[in-house]
Amino acid sequence: MTARYGGEEFALLLLDTDLAGGLTVARRVVSALTARRLPHPGSPLGFVTVSLGVACTADTPDLPLAEAADQALYRAKQAGRHRALAWTVGVPGEPT
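What this report covers is the structure whose coordinates are included nearby. One numbering rule holds for all chains: residues counted from 1, following each sequence as written. Given that this is a predicted model, residues contribute local features only at a pLDDT of at least 70 and side-chain atom pairs are listed and counted only at 80 or more, while totals for whole chains, interfaces and linings are drawn from all residues. The basis for the side-chain values is all heavy atoms of the structure; hydrogens and waters are excluded.

## Quick look at the environment of Pro 44
Moving on, step 1. Secondary structure follows DSSP: runs of H or I at least 4 residues long count as helices, runs of E at least 2 residues long count as strands, and numbering of each begins at the N terminus. Looking at the secondary structure, you find Pro 44 in the loop between α1 (19-36) and β3 (52-54).
Moving on, step 2. Take Pro 44: its relative accessible area is 86%, and that puts it in the exposed class.
Moving on, step 3. Expressed as a C-alpha distance, the spacing of Pro 44 and Leu 65, which sit 21 residues apart in the sequence, is 31 Å. Think of it in three bands: with a 1.4 Å probe and only protein chains considered, a residue is buried below 20% of the maximum accessible area for its type, exposed above 50%, and partly exposed in between.

Put into structure tokens, the structure is as follows:
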């Protein structure tokens, strides 16, 4: 399921999907958008980009899922944007 979560934020809810599977889907989204090269004059790359944070309920026992995904998202943005990073226990947003 895809839903708008905030102003420029969206959530993809993937049932029966582990962290590795979620990261695979997220990377496919980045690749698909890169292939489209939708013009965006305000972007440093000149085209529309996407930053994604991935989290899994099985890996976030002490943190709400949305917060874990949000932490990973902000790490993706800090790492240069236009990428997908996963939240992992003890190391939010580290790539897996």
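Next, the rest of the story.
## A closer look at the layout of surface pockets
Moving on, step 1. We place a 1 Å grid over just the protein atoms. Points where a 1.4 Å probe fits but has no way out form a cavity, open points with protein on both sides within 12 Å along at least 5 of 7 lines form a pocket, and any residue with an atom within 4 Å of a point lines it. Grid points are joined across faces, edges and corners, and a volume is the space filled by probe spheres set on the points. There is about 1,300 Å³ of room inside the largest pocket.
Moving on, step 2. What lines the largest pocket is a set of 38 residues, among which Phe 10, Ala 11, Ser 51, Leu 52 and Gly 53 lie closest to the centre.
Moving on, step 3. Secondary-structure elements contributing two or more residues to the lining of the largest pocket are β2 (10-12), α1, β3 and α2 (65-78).
Moving on, step 4. For the lining of the largest pocket, the element with the highest residue contribution is α2, accounting for six residues.
Moving on, step 5. In this classification, the charged set is Asp, Glu, Lys and Arg, the nonpolar set is Ala, Val, Leu, Ile, Met, Phe, Trp, Tyr, Cys and Pro, and all remaining amino acids, among them Gly, are polar. Along the lines of polarity and charge, the residues of the lining of the largest pocket split into 22 nonpolar, 10 polar and six charged.

## Regarding α2
Moving on, step 1. Residue count minus one, scaled by 1.5 Å, sets the expected span of a helix. Helix length check: α2 (14 residues) gives 20 Å between terminal C-alpha atoms against 20 Å at 1.5 Å per residue, within 8%.
Moving on, step 2. Within the span of α2, buried status applies to Ala 68, Ala 72, Leu 73 and Ala 76. Seen along its axis, α2 keeps its buried residues to an arc of 140°; they face one direction.
Moving on, step 3. Any pair of residues with heavy atoms lying within 4.5 Å of one another is described as a contacting pair. Those residues of α2 that are buried lie in contact with β3 and β4 (84-86).
Moving on, step 4. Gly 80 lies just past α2 and shows a positive phi near 125°. Read the arc as the range of directions from the helix axis to the C-beta atoms.

No statement about biological role is implied by the geometric values presented.
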